[in-house]
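# Breakdown of the fold
What follows is each chain in one-letter form.
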Amino acid sequence: MKKTFFVLLMMLAMGNVAKAADLDINLEPLKLQTPVMEMKLDCQAAPDYRPELELPMSPLMGSSEKYQLTWMRTNPGVKPYKVMDDLTFAGIPLFVAGIIAKGEKKSFRQNTGENKHTLVTDFKTEIDNYTQFFGPVMATGLKIAGVEGRSDWGRYLASTAMSYGFMALFVNSIKYTAKEMRPDGSTRNSWPSGHTATAFVGATILHKEYGLTRSPWYSVAGYGVATATGVMRVLNNRHWVSDVLSGAGVGIMSGELAYAMSDLIFKGKGLLRGDAISERSIIDHPSFFSISMGLGLGSQSLDFGAETMSDAHDNFNLKFGASTAVSAEGAYFFNKYVGVGGRLRVNSTPINGWDRVLNYADQDVKEMFKDLDADMDLRPLNNIVFRTADKQPQFTIESDHLTEFAADLGVYFNLPLSKRFAMGAKLLAGRSIMQELNLSAHYQGKVVDVNPMAILDDDPNFFYETDETYDTKWDYFTLNANNTFKWGTGISLTYAYKENYAWRLFVDYDMARKTYTLEYNPTQFMHSALPTYFDFAEMMQEIDPAYAADMISEMSPVNTHIKKNRHTFVIGGSLTISF
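Described in the following lines is the structure provided in the data block.

Thresholds, definitions, all that
Residues numbered from 1 in each chain as written. Predicted model: local features only at pLDDT ≥ 70, side-chain atom pairs only at ≥ 80, totals over all residues. Heavy atoms only, no water. Buried < 20%, exposed > 50% of the residue type's maximum accessible area, 1.4 Å probe, protein only. Helix = DSSP H or I, 4+ residues; strand = E, 2+ residues; numbered from the N terminus. Arc of directions from axis to C-beta. Contact = heavy atoms within 4.5 Å. Expected span 1.5 Å × (residues − 1). 1 Å grid on protein atoms, 1.4 Å probe; cavity = no way out; pocket = protein on both sides within 12 Å on 5 of 7 lines; lining within 4 Å. Points joined across faces, edges and corners; volume = space filled by probe spheres on them. Nonpolar A, V, L, I, M, F, W, Y, C, P; charged D, E, K, R; others polar. Axes fitted to C-alpha atoms, helices over the stretch in contact; angles between N-to-C directions. Parallel < 35°, antiparallel > 145°, perpendicular 65-115°, else oblique. Left-handed = near helix turned anticlockwise from the far one by under 90°.

Those residues of helix α2 (residues 91-100) not exposed but buried are Gly-91, Leu-94, Phe-95, Ala-97 and Gly-98. Burial along α2 is one-sided: seen end-on, the buried residues are contained in an arc of 155 degrees. Check the buried side of α2 and you find it contacts α5 (153-178), α8 (241-266) and β1 (288-297).

Structure (C-alpha cells):
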C-alpha cells in the first residue's frame, strides 16, 4: 500500500514539472523601456490666485528685457488727470484774507534808530526754518523707500520744480513790489511770508503724491506742519497775520498750478497711481477730521486808563487786533444729518496800543531820574539805577499777542445740497484759557543800605550807598485774563472735490465772559536795590503792622480789573477728510 501511494505521488510531481517547462518555452523575453520626460512650467491660476503676489518672471527666465530704475514709467490702468482735476482754487480765499488783514500792522510802532525800546518779543525758535521743508522731504523719502505715489521720478521732479518755481516767482514779485515792513522793523519784505508759502507748497506736493493716492493722513500731516510753521512765523515776530494767510494761499496755488501744468505736458505719462477711490462720500457720510486756519475779528478796547490814573488814559487804552486762529476739529455722525464732536483751537490776538504802555514805562524812568537829581536828600540814591549807555534800563515786550487756548464739545449738523456741496452748523460749549501778556524790565545799579534808627527818628538821611551792585529782571506790566466757560456756534460750506476730501469755508462765533487784569509794578527792583529796607519793614510787621504797611505802600503793585464779554468771529478755511 505504501509503495503504491509513493509511485502515484512521484508521477504527479513529474507531471507538474513538465507543465512548467511548457510555460517557460512560450514566454517572451523582458524589455526595459525609458519614459520620455518633458519640462513644462504651468502658470495657470489657481482658484484662489492673488495677482498682487505675482513675481515678475521675465528677468528670471532670461528675457531680453532689461530691468532698471524707471524715470517715466506708466502703470497700466491709471487714468490720466485733467487740468481741472488739480485746480481747487482753495488758495485764493486765503490770499484775499491776507489782503483784508493787512490793516492790523498800522496799530504797531516799528523799530527806529532813535528809540531803544522796541517792539520785540522774547519768543524765539528756529524750528520754522526746518519745518517749511517737511512736505518735500516726506514725499521724496517715501519715494526713495519704494512707496509708489502718484508720479514716477521724472514727472515728480518736474512737478516739484515747477511748484517751487511758481511759488518763488509769486512771492518775490509781491515782496519787492509791496515792500511791507516786518513787525520787528528789520526789513521791508514782509508780505507775503516766504516760509509759509514754502511750507504750503510742500504740503500740497505731499497731498498730491500720497494723500490723494494712498492715505488722507499724509495730507493731514503735511498741512498740519505747514500751519504750525505759519503760526511760528507770527510768534517769532517776523510776520504779520496777513503775511501768513497770503503766504499759505500762494503756496497752495503754486502747487496746484504746477501739477495742472504737468497734466498738460506729460498727459498720462509717468503716472503710477490714480486717486484712491472711496465708496463713502464725505457729503453723505460726514464724519470728519480737519485742520483749519482763519482770521479772528471782533476788535474791542480795554480802557485801563479810565480805571487807574487820568493822565495815563491814552497809554492804557488797549485794543484787540485781528487774530490768527488755528484749530483741529472732528466729529462722528450717527447719520448724514446729526453728529457729536469737538474742537481744539489756539487764538493768538495782537494787542494794539501795547507799545504805548512801553512808552509809559520809559517815561517812568525819566521822571525817576529827574526826581533823584532835584532832591538833595535823595543824592545817595543817584546810582540806584545806572544810566550809562550799556547799563541803562531795558524794556522788552515778551509777548505782543494775547493767546487763548480753547477746548469745546458739542453737536454738529450737516445738510447735503448736492453730490459736491453741503451746509454745516454746530453748537459748542467749552473752556477758555488765556496766556498772559508781559512787558519786562531789566535794571542794574548800586545796592543802597538804610539806617533803621534814622528811619525811626524821621531822619531823611537814612540812605547810604554801598559798593555792591544788583542786576534784576521782572514783569513791569502784566495783562492777563481768567479762565472761564465759553460757548460758540458756526456755519460752514463744504466742497467735496474728492470722495473723501473736502475744502471747507467757515464762520465761527465764540463768546466768553472775561475778567482782565492789568498789573503795574514799577518798583519791584527796589527789593534788590534796598534789601535792608525791606528786611526792616518785615521786622516792623510784627511790632507795628500799620507802620510797616505804610513803609511799603508805595512800592506795591497796582492791579486794575475790567470785566468784559469777549466776542470773536473767525473766518477761515480747512482741509477736511472723512473717516
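The discussion continues.
Let us now look at helix α9 (residues 354-374). For α9, which comprises 21 residues, the first-to-last C-alpha distance of 31 Å matches the rise-based estimate of 30 Å (1.5 Å per residue) to within 8%. Every buried residue of α9 is listed here: Trp-354, Asp-355, Val-357, Leu-358, Tyr-360, Ala-361, Asp-362, Asp-364, Val-365, Met-368, Phe-369 and Leu-372. Of the surrounding secondary structure, the elements contacted by the buried residues of α9 are β3 (317-320), β5 (338-352), β6 (394-397), β9 (437-450), β10 (463-481) and β12 (501-520).

The rolling of a water-molecule-sized probe over the atoms marks out the regions of remaining empty space. Throughout the structure, instances matching the rule amount to four cavities of 30 Å³ or more. The computed volume of the largest cavity comes to approximately 210 Å³. The set of elements that each furnish at least two residues to the lining of the largest cavity consists of β1, β4 (323-333), β7 (401-416), β8 (421-435), β11 (484-495) and β12. Split by residue class, the lining of the largest cavity holds 10 nonpolar, eight polar and four charged.

Attention now moves to the packing of α5 against α8. Close contact between α5 and α8 brings their axes to 8 Å; oriented N to C, the two are set at 135 degrees. Classified by the angle between their axes, α5 and α8 sit oblique to one another. Seen along the crossing, α5 lies across α8 with a hand that is right-handed. Together, Arg-155, Tyr-156, Ala-158, Ser-159, Met-162, Ser-163, Phe-166, Met-167, Phe-170 and Val-171 of α5 and Val-250, Ser-254, Gly-255, Leu-257, Ala-258, Tyr-259, Met-261, Ser-262, Asp-263, Ile-265 and Phe-266 of α8 make up the contact between the two elements. For the contact of α5 with α8, the per-class residue count stands at 14 nonpolar, five polar and two charged.

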